[in-house]
Amino acid sequence: MSLLDVRDVVMRFGGVTAVAGVSFAVEERQICGLIGPNGAGKTTLFNIISGIYRPSEGSVTFAGTSTTGLPRHAMAPLGLGRTFQNLALFRSMSVRENVLSGAHSQGRAGFLAHALRLPAAREEDRVAARRADELLGLLSLEDVADVPVADLPFGTQKRVEMARALISQPRLLLLDEPAGGLNHGEVDELARLLEQIRASFALSILLVEHHMSLVMRVSDKVVALDFGKKIADGTPHEVRTSPEVIRAYLGDGHDAHAA
């Protein structure tokens, strides 16, 4: 059974069909890239998977559980973590505080236990602090742990958001344009980091990304969309050389040899 199974998903907004019957799967410990030109339906599909939208038709199953129609706040406890194209950080809070905020979805002690500082709550805080320290080290954030996020470069803020998503120990990490706004060197660093994260946490990654060289370098499989429809699904080489993908990006008059 696949970790994530997207089956015949359709999403309509009024008379506009943004996603038209898309199906694909992500396996355990797999990196899957989701690509397509602007307006292809990538973000809409991402928002369906992460619980922001409920599909008009079709289903999404994660780890054997149907998530179709589940509220967004129910996704993290199931094992889905997500970053956003437009950073969703607490800008006045420190790096460490932002990372620790992602651990709340895994808490079991309850509000009263934390308010009264009961033993169960204190233990949860100790575990979260230990995980935060590990992630700050892994993502090279130790030196800025106590710096307000607003004072950091954009690329560093992206790593903070990734650490916040990882502290909840997701089985599937959803990354929305992780290379957006990064320079060439930072993109190379991101590629190495994604491979390291997969190895360290034994998780799967689904990334929406316009940076094609990054997608082709790190992905085990790639799914390509155009006008809301799936036009390719396979290895990076298979998708890169697909006539439909080349046509979607370059227009008619090009063939596979032009890729």
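Residues numbered from 1 in each chain as written. Predicted model: local features only at pLDDT ≥ 70, side-chain atom pairs only at ≥ 80, totals over all residues. Heavy atoms only, no water.

You'll find the protein chain entered in an unreviewed UniProt entry as ABC transporter ATP-binding protein, with Sediminicoccus rosea given as the organism.

J.: I'm lost on the pairing of strand S7 (residues 172-176) in this one. Help?
T.: In regular strands, side chains alternate between the two faces of the sheet. The buried count for S7 comes to five of five residues, which makes it a mostly enclosed element. Here S7 runs beside strand S8 (residues 204-208); their pairing, made up of five bridges, is parallel. Each residue of the ladder has a partner; that of Leu173, found in S8, is Ile205. Handedness of the crossover is the feature at issue here: the chain leaves S7, passes through helix H7 (residues 184-201), returns alongside S8, and the resulting connection is right-handed. (Buried < 20%, exposed > 50% of the residue type's maximum accessible area, 1.4 Å probe, protein only. Helix = DSSP H or I, 4+ residues; strand = E, 2+ residues; numbered from the N terminus. Pairing = 2+ DSSP bridges. Right-handed = clockwise from strand over helix to strand, strands pointing away.)

J.: Please clarify how the nonpolar core should be interpreted in this entry.
T.: Within the largest apolar cluster, 37 residues are counted, with the highest numbers of intra-cluster contacts made by Val95 and Met162. When residues of this core are traced back to their parent elements, those giving at least two are helix H3 (95-101), helix H5 (119-138), helix H6 (154-166), S7, H7, S8 and helix H8 (212-218). Broken down by element, the residue count for this core peaks at six residues, all from H7. If you count residues domain by domain, this core takes at least three from each of domain 1 (1-79 + 170-259) and domain 2 (91-160). In contact with Met162, other than residues within four places in its own chain, are Thr83, Leu139, Leu173, Leu175, Leu190, Leu193, Leu194 and Ile197. In this structure, Phe62, Leu80, Leu172 and Leu174 belong to the second largest nonpolar core, which totals 26 residues. (Core = buried A, V, L, I, M, F, W, Y, C linked by side-chain atoms within 4.5 Å. Domains from an automatic or database assignment. Contact = heavy atoms within 4.5 Å.)

J.: Is there a simple way to explain the sheet that holds strand S1 (residues 4-13) in this structure?
T.: The strands making up a sheet associate through backbone hydrogen bonding, with each pair oriented either parallel or antiparallel. With antiparallel pairing, the four strands of this open sheet are ordered in space as S2-S1-S4-S5. The outermost strands of the open sheet, each flanked by one partner alone, are strand S2 (16-26) and strand S5 (65-66). Relative to S5, strand S4 (residues 57-62) runs antiparallel, the two sharing two bridges. Bridging from a neighbouring strand, Phe62 pairs with Thr65 of S5. Lying on the sheet, helix H1 (residues 42-49) is in contact with S1, S2 and S4; it crosses S1 at an angle near 120 degrees. (Axes fitted to C-alpha atoms, helices over the stretch in contact; angles between N-to-C directions.)

J.: So what exactly am I meant to see when it comes to the environment of Leu214 here?
T.: Tracing the backbone shows Leu214 in helix H8. Leu214 sits 35 residues away from Ala179 along the chain, and the two C-alpha atoms are 8.1 Å apart. Excluding anything up to four places from it in sequence, Leu214 contacts Ala179, Val187, Leu190, Ala191, Leu207 and Glu209.

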